[in-house]
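Residue-level structural notes
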Amino acid sequence: MTGAFDPVEFLEDAVRIPSHEDVTDMREFLCTTLRERDVEPEVDDAGNVVASRGVGEPHLLLNTHVDTVSPHVPYEREEGVIRGRGSCDAKGPLAALLSAFLAVEPAGRVTLAVTPDEETLSTGAHALSLEFDACIVGEPTDLDVCNAAKGRFEGSLTIGGENAHAAEPHEGENAIRDAGRVLSALEGFDVDRDPHPELGAPTLTPTVIEGGSATNQVPATCRITLDRRSVPPRPPRGSPRRSRPASIPTSLTST
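Let me sum up the structure you'll find in this document.

**Describing the packing of aromatic side chains**
- Taken as a whole and judged by the stated rule, the model has 2 aromatic pairs.
- Here Phe5 and Phe10 contribute two aromatic rings whose centre-to-centre distance is 5.6 Å and whose plane-to-plane angle is 55°, an arrangement assigned as tilted. Accessibility classification places Phe5 together with Phe10 in one group, the buried group.
- Considering the side-chain rings of Phe10 and Phe29, the 5.0 Å spacing of their centres and the 15° angle between planes classify their relative orientation as stacked. One end of the pair, Phe10, is in helix 1 (residues 7–15); the other, Phe29, is in helix 2 (residues 24–35), and 19 residues separate them in sequence.
- Using a relative accessible area of 3% as the deciding quantity, one classes Phe10 as buried.
- The side chain of Arg16 reaches across the aromatic face of Tyr75, ending 3.9 Å from its centre.

Dropping the structure here:
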């Protein structure tokens, strides 16, 4: 063991490590910090860092992430304020959770689970398979305690049409024009769902639309990417279900 853990010193070093494209260096820094304090972490195939102390029950899970959004913002400190990419989201929470994890003498078991890819597809969290009695997730909340969070599902709709020359559009089926009907139908998705008391209603938001391959042709396909945010008690995994049917044209296909 190399001495008492200093969360501020850890944060200063962590913010200096870019982790917006590749978290390898940041993950290794975290693992080294744990090993220097006689805690052997495991790194799974998804890149999650998992370490435990104590045995038995209750089992408390401490969770946050090491990736950051682009671009990297260099570290600086002025009048006691640390700035730089990740200083708030979420290397600051990581420093706090790590400090608690190393200091606590658990009456049961405490597990630290730190994930990559939280800022995009959350593939790290998706791959975790842990049972626990309580969980604390480190995210910037202005120090408010949040007891619920939205789930996320990403899906896509592919609208099929028929190619034709733009000079004779009636000879084809314009997938982009049909996509407009789909977008209109999505406006009514879950409109009668009771909102969560703190999170509000679930949402289904078109975020990317792609279609066509030439400016003088009727497009045969159009693809819409959808961002689904679920609220408890509905689980985030799996295809979202409508609380009542939406009038999406039956001639369209989805994937």
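**Things to note about the sheet that holds strand 12 (residues 221–230)**
- Strand order across the open sheet formed by 3 strands is 8-12-10, with antiparallel pairing between neighbours. At either margin of the open sheet sits one strand with a lone partner, and together these are strand 8 (151–160) and strand 10 (203–211). Neighbour-to-neighbour, the strand axes of this sheet turn through a mean angle of 20°, independent of strand direction.
- Set on the sheet, helix 5 (residues 175–186) makes contact with strand 8, strand 10 and strand 12; between it and strand 12 the angle comes to about 15°.

**Quick notes on the nonpolar core**
- Membership of the largest hydrophobic core comes to 27 residues, with the highest contact counts inside it found for Phe10, Leu30, Leu34, Leu98, Phe101 and Leu112.
- Taken together, the elements giving at least two residues each to this core come down to helix 1, helix 2, strand 2 (49–54), helix 3 (91–103) and strand 6 (109–115).
- Formed by 11 residues, the second largest nonpolar core is a distinct cluster that contains Leu157, Ile159, Ala175 and Ala179.

**Side note on the sheet that holds strand 2**
- What the 5 strands build is an open sheet, ordered 1-2-6-3-7; its pairing is mixed. In this open sheet, the two edge strands, each paired with only one partner strand, are strand 1 (42–43) and strand 7 (134–137).
- Across 7 bridges, the pairing between strand 3 (residues 59–65) and strand 6 is parallel. Bridging from a neighbouring strand, Asn63 pairs with Ala113 of strand 6.

**Section: the pattern of salt bridges**
- This model, assessed by the stated rule, comprises 12 salt bridges.
- Across the salt bridge formed by Arg77 and Glu12, the nearest N and O atoms sit 2.8 Å from each other. Residue Arg77 is found in strand 4 (residues 76–78), and its partner Glu12 is found in helix 1; the two are separated by 65 residues along the sequence.
- Using a relative accessible area of 43% as the deciding quantity, one classes Arg77 as partly exposed.
- Residues joined by salt bridges that share partners form a network here, namely Arg152, Glu154, Asp227 and Arg229.

**So, the side chain of His65**
- Mapped onto the secondary structure, His65 falls in strand 3.
- Using a relative accessible area of 1% as the deciding quantity, one classes His65 as buried.
- Separated by 3.2 Å, the side chains of His65 and Glu118 make a polar contact.
- Those residues within four positions of His65 in sequence are excluded, and the remaining contacts are Asp89, Ala90, Val114, Thr115, Glu118, Glu119 and Glu139.

About the cut-offs
- Residues numbered from 1 in each chain as written.
- Predicted model: local features only at pLDDT ≥ 70, side-chain atom pairs only at ≥ 80, totals over all residues.
- Heavy atoms only, no water.
- Phe/Tyr/Trp six-rings, centres within 6.5 Å; stacked < 30°, edge-to-face > 60°.
- Buried < 20%, exposed > 50% of the residue type's maximum accessible area, 1.4 Å probe, protein only.
- Helix = DSSP H or I, 4+ residues; strand = E, 2+ residues; numbered from the N terminus.
- Lys NZ or Arg CZ within 6 Å of the ring centre and 35° of its normal.
- Pairing = 2+ DSSP bridges.
- Axes fitted to C-alpha atoms, helices over the stretch in contact; angles between N-to-C directions.
- Contact = heavy atoms within 4.5 Å.
- Core = buried A, V, L, I, M, F, W, Y, C linked by side-chain atoms within 4.5 Å.
- Salt bridge = Lys/Arg side-chain N within 4 Å of Asp/Glu carboxyl O.
- Polar contact = N/O pair within 3.5 Å; in protein donor to acceptor, adjacent residues only side chain to side chain.

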